[in-house]
Amino acid sequence: MALDLLKTDKKESLKSKGFRIAMNWYPMFFATGAKIKFWSADWSEVHLRLTLNIWTRNYVKTIFGGSMFSATDPFYVIMFMHMLGKNFVVWDKSANIKFKRPAKIPLYMIFKISPELLEQVKNEVKTSGETTYIAHLQWLDKDKNVYAELERTIYIADKKFYKEKLEKRKLAAASK
């Protein structure tokens, strides 16, 4: 039975399900102790679960804050890359976390990119060549109690603009 918290009208495809399974076994993600439970076919929604286990238990027998932090790392970058296509550059720029309470029970996180957000990002990049998106995330229990809040800053640019920006940076450094 799916939790109310994780209900969605989205569906997985064979491709997104295969990607989800592969990501769950990818060593860098596997080591966080989290598990990807759902990845939508259109790449716009991802659900995570993080439980207290041998990989995530800290010294005081609660979920390790580093697991909460690192488990959120790749998702918006991957989602935006797939949704925007090959003419865009997407980087994780910065992140921070605020712990609200210790957790001993399963926690959940949902990543979403709405069609409106995607259009906004495309328009900002079209206008300026680049933009940043600040994602506000929460680790929640099944009753929607907040255990940690995260902010991830994602850099998105037109690939041509980005290459020109790097070239200008190299020229400026060489002239010093």
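So, a few notes on the structure that sits alongside this text. (Residues numbered from 1 in each chain as written. Predicted model: local features only at pLDDT ≥ 70, side-chain atom pairs only at ≥ 80, totals over all residues. Heavy atoms only, no water.)

1. Brief notes about the overall build of the protein chain
Link 1 in the chain: A count of helical and extended segments in the protein chain gives six helices and six strands.
Link 2 in the chain: Overall, the protein chain is about 55 × 40 × 25 Å in size when its C-alpha atoms are taken along their principal axes.
Link 3 in the chain: Counting only residues that meet the buried cut, the protein chain has 39% of its 176 residues in that class.
Link 4 in the chain: Put simply, of all contacts in the protein chain between residues at least 6 apart along the chain, 69% involve residues at least 24 apart. (Helix = DSSP H or I, 4+ residues; strand = E, 2+ residues; numbered from the N terminus. Buried < 20%, exposed > 50% of the residue type's maximum accessible area, 1.4 Å probe, protein only. Contact = heavy atoms within 4.5 Å.)

2. Overview of the side chain of Arg-152
Link 1 in the chain: Structurally, Arg-152 can be placed in strand β6 (residues 146–158).
Link 2 in the chain: In contact with Arg-152, not counting residues within four places along its chain, are Phe-69, Thr-72, Asp-73, Asp-92, Ser-94, Ala-95, Tyr-133, Ile-134, Ala-135 and Leu-137.

3. Things to note about the pattern of salt bridges
Link 1 in the chain: For the structure on display, the rule yields nine salt bridges.
Link 2 in the chain: Across the pair Asp-73 and Arg-152 runs a salt bridge whose closest N-O atoms are separated by 3.1 Å. Taken as a pair, Asp-73 in the loop between α3 (65–70) and α4 (75–84) and Arg-152 in strand β6 lie far apart in primary sequence, 79 residues in all.
Link 3 in the chain: One salt bridge connects Arg-152 with Asp-92, and the closest N-O pair in it is separated by 2.8 Å. Taken together, the residues span a long stretch of sequence, with Arg-152 in strand β6 and Asp-92 in strand β3 (residues 88–99) at a distance of 60 residues.
Link 4 in the chain: One network of salt bridges, with partners in common, ties together Asp-73, Asp-92 and Arg-152. (Salt bridge = Lys/Arg side-chain N within 4 Å of Asp/Glu carboxyl O.)

4. Side note on the side chain of Asp-141
Link 1 in the chain: Here Asp-141 lies in the loop between β5 (130–140) and β6.
Link 2 in the chain: There is a polar contact of 2.9 Å between the side chain of Asp-141 and the backbone nitrogen of Asn-145. (Polar contact = N/O pair within 3.5 Å; in protein donor to acceptor, adjacent residues only side chain to side chain.)

5. Some details on the environment of Leu-107
Link 1 in the chain: For Leu-107, the location among the structural elements is in strand β4 (residues 107–112).
Link 2 in the chain: Considering only alpha carbons, one finds Leu-107 and Gln-138, 31 residues apart in sequence, at a separation of 9.5 Å.
Link 3 in the chain: Other than its neighbours up to four places away in sequence, Leu-107 contacts Leu-48, Arg-49, Leu-50, Ile-63, Met-68, Trp-139, Leu-140, Asp-141 and Tyr-147.

6. As for the packing of aromatic side chains
Link 1 in the chain: One pass over the full model with this rule turns up 13 aromatic pairs.
Link 2 in the chain: Ring geometry for Trp-39 and Phe-75: centres 5.6 Å apart, planes at 50°, overall tilted. Here Trp-39, found in strand β1 (residues 34–39), pairs with Phe-75, found in helix α4; they are 36 residues apart in sequence, far enough to count as distant.
Link 3 in the chain: For the ring pair Phe-80 and Tyr-133, a centre distance of 5.7 Å and an interplane angle of 70° mean the geometry is edge-to-face. (Phe/Tyr/Trp six-rings, centres within 6.5 Å; stacked < 30°, edge-to-face > 60°.)

7. Let's talk about the packing of α4 against helix α5 (residues 115–128)
Link 1 in the chain: Remark: α4 packs on α5, axes separated minimally by 12 Å, with the N-to-C direction vectors making an angle of 75°. As far as their axial angle goes, α5 and α4 are roughly perpendicular. Between α4 and α5, the contacting residues are Phe-80, Met-83 and Leu-84 on the first element and Leu-117, Leu-118, Val-121 and Lys-122 on the second. (Axes fitted to C-alpha atoms, helices over the stretch in contact; angles between N-to-C directions. Parallel < 35°, antiparallel > 145°, perpendicular 65-115°, else oblique.)

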